[in-house]
Amino acid sequence: MSRPEKFIIDGKRLDGRTPDQLRPIKIEVDYLKRADGSCYLEMGKNRVVAAVYGPREVHPRHLQDPTKAIIRYRYNMAPFSVEERKRPGPDRRSIEISKVSKEAFEAVIMKELFPRSAIDIFVEVLQADAGSRTACINAASVALVDAGIPMKGILTSVAVAKVDGVLVLDPMKEEDNYGEADIPFAFLIRGGKIESIALLQMDGKMTKEEIKEAINLAKKGAMEIYQMQREAIMKKFIEEGENE
Ligand code: ADP
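Draft legend 1. Main features of the overall build of the protein. Secondary structure assignment for the protein yields four helices and twelve strands. Computed over C-alpha atoms, the radius of gyration of the protein comes to 18 Å, within 12% of the 18 Å expected from 2.2 N^0.38 for 244 residues, which places it in the range of a compact globule. In terms of overall dimensions, the protein has a C-alpha envelope of 55 × 40 × 35 Å along the principal axes. For the protein, long-range pairs separated by at least 24 residues make up 68% of all intrachain contacts whose partners lie at least 6 apart in sequence. Summed over its atoms, the accessible surface of the protein is roughly 12400 Å², and 51% of this surface lies on carbon and sulfur atoms.

In structure tokens, the structure reads:
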């Protein structure tokens, strides 16, 4: 993939979207039978699966916290998920993504209800096309709800990039790789409203005004994703009710 000459032509991006438009999203709840909660999610060309286990006993026992549950989050990219084969196993990037995502979920999961236990969140990227960490957080949130883990709200994640001096929502690969800046966000949404920012990472340069504008654009995208997460969860519970 080489750097495109222009990212925005006649107000449209390389994939035909307007700057404030998300990529198509598909969410399937309860995707895996063995996990306590699971979700398959597509965000553009990203394809990810999240599996949640717990609350369950922590092994080894010295890792137990007598006051609350420990949260573990593992982000992993399949070797076939990117253009060039990725070396299997953890690398600096996946360790960093796992750490910041875990910290974001620690802010929403009601850990104090489950002392000495662990809540394990596994996310697997089957196909990556920029924003895979945001797709994984969105899938993990739905899987946590599916597992019945008590939370203060739900995390919804989306990035904003700057290309040709314009802020764009939910960047795809070309915009992410060759853009001037990129900020993945995760918001805590409670009672249908954005309550706080649970994750914000930045790479590149933006002015103070642009950062404010990026936050507003990301909030708008997050509310749209939140509605889709909600619909997917409701659909699952309605279907379950009908099958009883
Ligand atoms: P995110 O996927 O959250 O945007 P990055 O910004 O680090 O994370 O990566 C952007 C994109 O670059 C990824 O979605 C993926 O398409 C590609 N990429 C990341 N790591 C690798 C790798 N080891 N090999 C090839 N492509 C990669």
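Draft legend 2. Structural detail: the side chain of Asp120. One can find Asp120 in strand 7 (residues 117-127). Classification of Asp120 as buried rests on a relative accessible area of 5%. Among the polar contacts made by the side chain of Asp120, one reaches the side chain of Arg72 at a distance of 2.7 Å. Excluding residues that lie within four positions of it along the chain, Asp120 makes contacts with Ala51, Val52, Tyr53, Arg56 and Arg72.

Draft legend 3. Spotlight on the nonpolar core. Core analysis: the largest hydrophobic core is formed by 60 residues, its most contacted members being Tyr73, Phe105, Ile109, Ile121 and Leu144. Here this core gets nine residues from one element, more than from any other, and that element is helix 4 (residues 208-243). If we skip the residues at most four places from it in the chain, Ile109 touches Ile71, Ile119, Ile121, Leu144, Ile149, Pro150 and Met151.

Draft legend 4. Quick look at the packing of helix 2 (residues 132-146) against helix 4. Contact geometry of helix 2 with helix 4 gives a least axis separation of 11 Å together with a crossing angle of 30°. By the criterion of interaxial angle, the relationship of helix 2 to helix 4 is roughly parallel. Handedness of the helix 2/helix 4 crossing: right-handed. Contacts from Asn138, Ser141, Val142, Val145 and Asp146 of helix 2 reach helix 4 at Ile225, Gln229, Ile233 and Lys236.

Draft legend 5. Structural view of the packing of aromatic side chains. Per the counting criterion, the structure on display carries four aromatic pairs. Ring geometry for Tyr53 versus Phe122: centroids 5.9 Å apart, planes at 80°, classification edge-to-face. Residue Tyr53 is found in strand 5 (residues 46-57), and its partner Phe122 is found in strand 7; the two are separated by 69 residues along the sequence. Among the residues examined, Tyr53 registers a relative accessible area of 24% and is labelled partly exposed. Centroid distance Tyr73 to Phe105: 5.8 Å. Interplanar angle 20°. Geometry classified as stacked.

Here is what the cut-offs are and how they apply
Residues numbered from 1 in each chain as written. Predicted model: local features only at pLDDT ≥ 70, side-chain atom pairs only at ≥ 80, totals over all residues. Heavy atoms only, no water. Helix = DSSP H or I, 4+ residues; strand = E, 2+ residues; numbered from the N terminus. Rg over C-alpha atoms; globule rule 2.2 N^0.38 Å. Contact = heavy atoms within 4.5 Å. Areas by Shrake-Rupley, 256 points an atom, 1.4 Å probe, with all protein chains shown as cover. Buried < 20%, exposed > 50% of the residue type's maximum accessible area, 1.4 Å probe, protein only. Polar contact = N/O pair within 3.5 Å; in protein donor to acceptor, adjacent residues only side chain to side chain. Core = buried A, V, L, I, M, F, W, Y, C linked by side-chain atoms within 4.5 Å. Axes fitted to C-alpha atoms, helices over the stretch in contact; angles between N-to-C directions. Parallel < 35°, antiparallel > 145°, perpendicular 65-115°, else oblique. Left-handed = near helix turned anticlockwise from the far one by under 90°. Phe/Tyr/Trp six-rings, centres within 6.5 Å; stacked < 30°, edge-to-face > 60°.

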